[in-house]
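Secondary and tertiary structure notes
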Amino acid sequence: MGKFEFNEKLCKACGICAVLCPKQVYDRDEEGKPIFARPEDCIDCKLCELRCPDFAIRMGENE
Amino acid sequence: MSEKQHVFDTFLRQDKLPHIWCPGCGNGIVINALIRAIEKTEIDPDNVVIVSGIGCSSRANGYMNFCALHTNHGRALPYATGVKMFNPKLKVIVVTGDGDCTSIGGNHFIHACRRNIDITTVVFNNNNYGMTGGQFSPTTPLGSKTKTSVYGSIDTPFDICSLAAAAGATYVARSTVYHVNMLINQIAEGINHQGFSVVEAVCDCPTLYGRLNKKGAAPDMLLGFKENAVMKAKADTMTEEELKGKIVIGNFAKRVDRKEYTAQYDSIIESAKGGH
């Protein structure tokens, strides 16, 4: 499980993180920005962080 | 948690963000891959110079925390060559777009390939001129719609990787913004390679190219890259008909048989001095 850090100011709500997440851990709010809804499903692959075009997501590692 | 600073804090100019690109634009993903590749190679960030031309993609070096040179349209490679010749110890990386690299700077591109000078060129290929409103570029696929080809493009596109390999570039690879881990590895390999390296990053332009060709939103375009990507080894066994509409990814050239340009220049200086 990754530790989700989200910078809302940088997010442009493109939806890449939510749609392309292999474990579908995200929901999207009314603007289209991601909500880390199912953290227990996250496998910490960091693909959302790598594919975010706006550098808005940081998936930290838990201790 | 480790004490190490996050790569975004180290290598991005946070005060310049958010960037100017449209929502879902692949350019941000390529920057993300580029800074991770630089981190991976463990080169001294103070020795990195990022040179760009003009276009959406060429804004990239303004957001990265390295020495940057934003130059004339299509002329990123001549400036980069100058930087490298002046100080061969520097790691010179060129960020350029498909139009900037293969149209306006097309001749500079093939001649840089021919010279085999140690520069890493990352080509952001989004199949059109995004900054000026979506005109067709030399990589716009046949039949695709753009603002200047509303009934479909009739110009056969360039295959940037085949062009670079044929012109003599010694490291050539292609990936897409869907295949980010592959892109990071290719850019890192290109940076480590002694000689001219070209990494083509196929990216999405959801606002112009994507909308005009009904390719859907940014995530749909990325899923399209996933569906249409074919590895080079597999593509070699396929016919031209089967490869229609496919994106061939992987390594196109990796040669060590040619001498690097600045090294050759140094040996000329030595021999002119009467060394040998």
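For the structure given in this document, a descriptive report is provided here. (Residues numbered from 1 in each chain as written. Chains lettered and ligands numbered in written order. Predicted model: local features only at pLDDT ≥ 70, side-chain atom pairs only at ≥ 80, totals over all residues. Heavy atoms only, no water.)

1. Things to note about the nonpolar core
Residue and element names in this part refer to chain B. Spelled out, the test is: Here, nonpolar core means buried Ala, Val, Leu, Ile, Met, Phe, Trp, Tyr and Cys residues that are tied together by side-chain atoms lying within 4.5 Å of each other. Three exposure classes are used, based on accessible area relative to the maximum for each residue type with a 1.4 Å probe and protein chains only: buried under 20%, partly exposed in between, and exposed over 50%. Helix numbers and strand numbers start at the N terminus; a helix is a DSSP run of H or I with at least 4 residues, a strand a run of E with at least 2.
Ranked by size, the top nonpolar core spans 56 residues in total, and within it Leu34, Ile38, Met64 and Ile187 carry the most contacts. If one sorts the elements of this core by residue count, helix H2 (residues 27-41) sits on top with 8 residues. In terms of nonpolar packing, the next biggest core, distinct from the first, is built from 29 residues, Ala80, Val92, Ala235 and Phe252 among them.

2. Thoughts on the sheet that holds strand S4 (residues 119-125) of chain B
Paired through their backbone hydrogen bonds, the strands of a sheet run either parallel or antiparallel. Residue and element names in this part refer to chain B. Definition in use: Pairs of strands are assigned from DSSP output, requiring at least two bridges between the strands. Between the N-to-C directions of two axes lies an angle of 0 to 180 degrees, each axis being a line fitted to C-alpha atoms and, for a helix, fitted only over the stretch in contact. Residue contacts are counted whenever heavy atoms from the two residues lie within 4.5 Å of one another.
Spatial ordering of the open sheet is given by S2-S1-S3-S4-S8-S7-S10-S9, a layout of 8 strands whose pairing is mixed. If you trace the sheet from one side to the other, it starts and ends with strand S2 (67-70) and strand S9 (229-231), each paired once. Strand-to-strand, the axes of this sheet are offset by a mean angle of 20°, without reference to chain direction. Sheet topology places strand S7 (residues 171-176) next to strand S10 (residues 247-254); 4 bridges connect them, and they run antiparallel. Bridging from a neighbouring strand, Arg174 pairs with Gly250 of S10. The sheet strands contacting helix H7 (residues 180-192) are strand S3 (91-97), S4, S7, strand S8 (197-202), S9 and S10, and the helix crosses S7 at an angle near 160°.

3. Considering the side chain of Thr146 of chain B
Along the chain, the position of Thr146 of chain B falls in the loop between strand S6 (135-136) and helix H6 (160-167). If sequence neighbours within four positions are ignored, Thr146 of chain B has contacts with Asn128, Gly134, Gln135, Phe136, Thr140, Tyr209 and Leu212 of chain B.

4. A short note on H7 of chain B
Going by this rule: Here the expected span of a helix is defined as 1.5 Å times the quantity of residues minus one.
Here H7 of chain B is 13 residues long and its end C-alpha atoms lie 18 Å apart, about the 18 Å a rise of 1.5 Å per residue gives. Where H7 of chain B is concerned, the buried positions are Val180, Leu183, Ile184, Gln186, Ile187, Ala188, Gly190 and Ile191 of chain B.

5. Describing the packing of helix H5 (residues 106-115) of chain B against H6 of chain B
Residue and element names in this part refer to chain B. Selection criterion: Any angle from 65 to 115 degrees is called roughly perpendicular, while one under 35 is roughly parallel, one over 145 is roughly antiparallel, and all others are oblique. Under the grouping applied here, Gly and all other residues not named as nonpolar or charged are polar, the nonpolar ones being Ala, Val, Leu, Ile, Met, Phe, Trp, Tyr, Cys and Pro and the charged ones Asp, Glu, Lys and Arg.
H6 packs onto H5 with a crossing angle of 45° between their chain directions and a minimal axis gap of 8 Å. Looking at the two axes, H5 sits oblique to H6. Taking contact as the criterion, the partners of Phe109, Ile110, Cys113 and Arg114 in H5 are, on H6, Ile160, Leu163, Ala164 and Ala167. Classifying every residue of the contact of H5 with H6 by side-chain character gives 7 nonpolar, no polar and 1 charged.

6. A short note on the packing of aromatic side chains
One pair of aromatic rings is described through two measures. These are the centre distance and the angle between the planes. For clarity, the threshold we go by: Each Phe, Tyr or Trp ring, with Trp reduced to its six-membered ring, pairs with another whose centre is within 6.5 Å; inter-plane angles below 30 degrees give stacked pairs, above 60 give edge-to-face pairs, and intermediate values give tilted ones. Think of it as a cone above the ring: NZ of Lys or CZ of Arg counts as a charge over the ring if it is within 6 Å of the ring centre and within 35 degrees of the ring normal.
With the rule as written, the count across this model stands at 8 aromatic pairs over all chains. Here the aromatic rings of Phe55 of chain A and Phe8 of chain B are separated by 5.4 Å at their centres, their planes lie at 75°, and the arrangement is edge-to-face. In this pair, Phe55 of chain A sits in the loop between helix H2 (47-51) and strand S4 (57-60) while Phe8 of chain B sits in helix H1 (residues 7-11), so the two residues belong to two different chains. With respect to burial, Phe55 of chain A and Phe8 of chain B carry one shared label: buried. Grouped by ring-pair contacts, the aromatic residues Phe4, Phe6, Tyr26 and Phe36 of chain A constitute a single cluster. Here Arg51 of chain A stacks its cationic end above the ring of Tyr178 of chain B, 4.2 Å away from the centre of that ring. Seen from the ring of Phe252 of chain B, Lys232 of chain B lies directly overhead, with NZ or CZ sitting 5.3 Å from the centre.

Fair warning: the whole summary comes from geometry, so function is off the table for now.
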